[in-house]
Amino acid sequence: GRGAAGRAGLVPLRLGAGAGRVAGYLRPEFAERLGGGYPHVFSLEREGRGAPGAQATGLRLAESLRAAPLTAASEAVGGVMADLRDRGVISGWRDELYPIAAGFHSEPLLLLERAAVPFFGVRAYGVHVCAYVRGPGDALSMWVARRSPTKPTWPGLLDHLVAGGQPHGISPGDNVLKECMEEANVEESLARRARPAGAVSYEYLLDEGLKRDVLFCYDLELPASFEPSNNDGEVAEFMLWPIERVMQTIAETDDFKPNCNLVIIDFLIRHGCLTPDHPEYLALVKHLRSGDCD
């Protein structure tokens, strides 16, 4: 299946009633830490009869929590995550809950602290806005943001004008409006011009675990008179670059945050900046949705 190679040797996370649904994939050592250190919250399933040392075949919530209300189960798991934060295992705490579900529009099976998401290998979502300006002769320029050097993830790298994770309890469209204001001072009347333009997805292995993301892509055409400014302290500077410079930077450097490369490449294909004449055109198209996209 898709991503099977990256999942080899990982322990499936099963949530829900009965045999449970595979919702994520954990590194064996992290699964062992949860099952061994927090048996009141997690239960580790092992092959055979579960003899000591037998390989773990799955991680589940403790039996007492499997039928518990979403809030109660999520609070129990949250307590464990906070303890692991205090022990220095989980860093970059965001105090933001992400839903774990079978699909984006499915009911959540669990709510999990954002910083813990990669450890559980569960699917996460985000919104990315490519903001651009049309000049004379239809020439395109794109707003590029440099991430703050104090950001917990990818500090100092280049980013979109606006991007953010998709937390529980807000729609992607409303999240775009919120992030536009927080990150670039784009007022709501202008931010509402952002047009949904599909999604990209990917999956890759980190030291923490398996990162599985789906990013909703939005295009926002801005007037030449617009000047962005930052409200949340997460952006160091904004730059309006000709699209050719954006393309060259992606092709020749690692200056952009890696997932931003995907979203921008998708934009370049949709806007005809990258054409089938490019030798890697079809490979690029193929890999824009290399992860589960549901």
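This report concerns the structure included in the present document. (Residues numbered from 1 in each chain as written. Predicted model: local features only at pLDDT ≥ 70, side-chain atom pairs only at ≥ 80, totals over all residues. Heavy atoms only, no water.)

**Section: the layout of surface pockets**
At step 1: In this model, the largest pocket occupies a volume close to 1100 Å³.
At step 2: Lining the largest pocket are 48 residues, and of these Arg94, Arg114, Thr153, Lys211 and Lys257 sit closest to its centre.
At step 3: Per element, the largest residue contribution to the lining of the largest pocket is five residues, and it comes from helix α5 (residues 172-184).
At step 4: The residue makeup of the lining of the largest pocket, split by class, is 21 nonpolar, ten polar and 17 charged. (1 Å grid on protein atoms, 1.4 Å probe; cavity = no way out; pocket = protein on both sides within 12 Å on 5 of 7 lines; lining within 4 Å. Points joined across faces, edges and corners; volume = space filled by probe spheres on them. Helix = DSSP H or I, 4+ residues; strand = E, 2+ residues; numbered from the N terminus. Nonpolar A, V, L, I, M, F, W, Y, C, P; charged D, E, K, R; others polar.)

**Some remarks on the sheet that holds strand β3 (residues 42-46)**
At step 1: Strand order in this open sheet of four strands is β2-β1-β4-β3, and the pairing throughout is mixed. At either margin of the open sheet sits one strand with a lone partner, and together these are β2 (21-26) and β3. Geometrically, the sheet is characterised by an average inter-axis angle of 30° between neighbouring strands, direction not taken into account.
At step 2: With five bridges joining them, strand β1 (residues 11-15) and β2 adopt antiparallel strand pairing. The partner of Leu13 across the bridge, within β2, is Gly24.
At step 3: Most of the contacts of helix α2 (residues 28-37) go to β3, to which it runs at about 125°, and overall it touches β1, β2, β3 and β4 (56-61). (Pairing = 2+ DSSP bridges. Axes fitted to C-alpha atoms, helices over the stretch in contact; angles between N-to-C directions. Contact = heavy atoms within 4.5 Å.)

**Here's the deal with the packing of aromatic side chains**
At step 1: Evaluation of the coordinates by the stated rule reveals nine aromatic pairs.
At step 2: Centre to centre, the rings of Phe30 and Phe120 are 5.6 Å apart; their planes meet at 85°, and the pair counts as edge-to-face. Taken together, the residues Phe30 in helix α2 and Phe120 in helix α4 (residues 117-120) connect sequence positions 90 residues apart. With respect to class, Phe30 is no different from Phe120; both count as buried.
At step 3: Ring centres of Tyr202 and Tyr204 lie 5.8 Å apart, and the angle between their planes is 25°; this geometry places the pair in the stacked category.
At step 4: Relative accessible area serves as the criterion here: at 7%, Tyr202 is assigned to the buried category.
At step 5: The partly exposed category is assigned to Tyr204, whose relative accessible area is 31%.
At step 6: Grouped by ring-pair contacts, the aromatic residues Phe30, Phe42, Phe119 and Phe120 constitute a single cluster. (Phe/Tyr/Trp six-rings, centres within 6.5 Å; stacked < 30°, edge-to-face > 60°. Buried < 20%, exposed > 50% of the residue type's maximum accessible area, 1.4 Å probe, protein only.)

**Concerning the nonpolar core**
At step 1: If you look at the biggest cluster of nonpolar residues, it comprises 33 residues, and the most contacted ones within it are Leu34, Phe42, Met81, Leu112 and Phe120.
At step 2: Among the elements that line this core, the one with the most residues is helix α3 (residues 70-86), at five residues.
At step 3: Of all hydrophobic cores here, the second largest spans 27 residues; its members include Met142, Val144, Met239 and Phe267. (Core = buried A, V, L, I, M, F, W, Y, C linked by side-chain atoms within 4.5 Å.)

**Comments concerning the pattern of salt bridges**
At step 1: Evaluated as defined, the whole model comprises 22 salt bridges.
At step 2: In this structure, Glu32 and Arg46 form a salt bridge, with 2.8 Å as the shortest nitrogen-oxygen distance. Taken together, the residues Glu32 in helix α2 and Arg46 in strand β3 connect sequence positions 14 residues apart.
At step 3: Given the relative accessible area of 33%, Glu32 is considered partly exposed.
At step 4: Because the salt bridges share partners, they merge into one network encompassing Arg7, Arg123, Glu203, Arg212, Asp292 and Asp294. (Salt bridge = Lys/Arg side-chain N within 4 Å of Asp/Glu carboxyl O.)

**Comments concerning the environment of Lys257**
At step 1: Here Lys257 shows up in the loop between α7 (243-252) and α8 (258-270).
At step 2: The class for Lys257 is buried, based on a relative accessible area of 11%.
At step 3: Put simply, Lys257 and His128 are 129 residues apart on the chain and 12 Å apart in space, counted from C-alpha to C-alpha.
At step 4: Here Lys257 is in contact with His128, Arg147, Trp154, Leu157, Leu158 and Asp159, once residues within four sequence places are set aside.
At step 5: Separated by 3.0 Å, the side chains of Lys257 and Asn259 make a polar contact. (Polar contact = N/O pair within 3.5 Å; in protein donor to acceptor, adjacent residues only side chain to side chain.)

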